[in-house]
Amino acid sequence: VEIYRSGTVEVTAKLQAEMQADSIRADVIWFADMAMFEDLGKKGLLLKMDLPEAKNIPQKFVYMGGKAYEARLIYQIIAYNTNKVKKPVYGWKDLLDPAYRGKVGSASALYSGATLTQVTTLSKDPNFGWDYYRKLAANDCKIVKGNGAVARNIATGEYSIGITIDFMARDLIEKGSPVAYVYQKDGAIYIPTPIGIISKSKNPELAKAFVNFVLGVEGQKVLVNHGYLPLNKNVPLPEGVPSPADIKVLKTDWQYLKENRDEIRNRWGEIMGVM
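Quick summary incoming for the structure in this document.

1. Examining the environment of N139
No. 1: Note on placement: N139 falls in the loop between α4 (129–138) and β6 (142–144).
No. 2: Judged by relative accessible area, N139 falls into the buried class, the value being 6%.
No. 3: On a C-alpha basis, the gap between N139 and G102 in space is 6.4 Å, while along the polypeptide they are 37 residues apart.
No. 4: In contact with N139, other than residues within four places in its own chain, are L95, L96, D97, P98, Y100, R101, G102 and V104.

Structure, rendered in structure tokens:
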């Protein structure tokens with residue numbers, strides 16, 4: 001098996017280049033950009049899959065009639081170092097606290113698909129808008145490439161608080177790091193990470209077998225062991241994790257992201273001083 005693994009922005013850039021050359025090398029694609037998956041589906045570039053395990057995941061996570069599936073639930077949340085942060089943390093506005101100036105961390109919307117989803121969501125939300133990012137920049141928010149680096153820097157105390165992914169925070173907590181996290185009371189960011197098969201795949205049956213494995217009990221247990229929330233009804237949630245029904249989620253406009261991808265990235269980069 002040959003795997004190309006990177007941040008969503010780099011993966012999708014590679015895919016777009018291969019599309020332009022009419023030579024997509026991948027059989028299976030799996031990344032955090034719902035807008036691009038929808039575009040691929042409309043262009044006929046995704047294979048429709050009728051998978052046995054599909055019956056065990058909620059119907060709303062079967063996308064485009066079976067051209068893609070959600071395999072796990074992940075959210076962008078607020079994590080913090082328990083040695084550095086002693087007052088209660090509730091949500092997005094906590095990152096603007098002057099007490100954490102220069103000690104707030106975030107991944108880059110130029111690299112991370114999750115962060116691009118976050119920026120798309122908050123910038124269009126009337127409770128936040130672009131002004132939120134101006135205030136975040138004014139609080140000297142530190143930008144690194146990916147969410148994993150943010151989580152690690154929170155664990156070491158380089159950052160007091162920051163935005164990362166829930167499963168990354170859980171993994172650090174299980175390893176004994178002084179980390180805690182909250183699903184924001186004002187709304188977490190749900191990060192779709194669809195999995196699909198390229199319609200011109202040279203190995204469609206093997207690709208289907210892999211996707212079916214990921215959706216099945218054995219594959220879902222592998223994901224749970226890495227901190228993800230499962231979708232298969234036969235696999236229980238990790239201990240201490242709230243039901244997804246109890247997690248408030250902000251709405252993302254995927255069409256807006258699709259049509260304004262570069263503008264969103266560039267505006268965020270200009271505000272945050274990252275080019």
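2. A short note on empty space enclosed by the protein
No. 1: Tallied over the entire structure, the rule returns 1 cavity of 30 Å³ or more.
No. 2: Put simply, the largest cavity is a space of about 30 Å³.
No. 3: Along the walls of the largest cavity sit W130, Y256, N260, E263, I264 and R267, which together make up its complete lining.
No. 4: Broken down by element, the residue count for the lining of the largest cavity peaks at 5 residues, all from helix α9 (residues 254–272).
No. 5: Looking at the lining of the largest cavity, its residues break down into 3 nonpolar, 1 polar and 2 charged.

3. Thoughts on the pairing of strand β7 (residues 161–165)
No. 1: Of all 5 residues making up β7, 5 are buried, and the element is well covered by its neighbours.
No. 2: The alternating pattern of β7 places I161, I163 and I165 on one face and G162 and T164 on the opposite face, and all of these are buried.
No. 3: As defined by bridge partners, strand β4 (residues 75–81) adjoins β7 across 5 bridges and the pair is classed as antiparallel. Bridge pairing in β7 places Y80 opposite I161.
No. 4: Sheet topology places strand β5 (residues 104–107) next to β7; 2 bridges connect them, and they run parallel. Bridge pairing links G105 to G162 in β7.

Conventions we followed
Residues numbered from 1 in each chain as written. Predicted model: local features only at pLDDT ≥ 70, side-chain atom pairs only at ≥ 80, totals over all residues. Heavy atoms only, no water. Helix = DSSP H or I, 4+ residues; strand = E, 2+ residues; numbered from the N terminus. Buried < 20%, exposed > 50% of the residue type's maximum accessible area, 1.4 Å probe, protein only. Contact = heavy atoms within 4.5 Å. 1 Å grid on protein atoms, 1.4 Å probe; cavity = no way out; pocket = protein on both sides within 12 Å on 5 of 7 lines; lining within 4 Å. Points joined across faces, edges and corners; volume = space filled by probe spheres on them. Nonpolar A, V, L, I, M, F, W, Y, C, P; charged D, E, K, R; others polar. Pairing = 2+ DSSP bridges.

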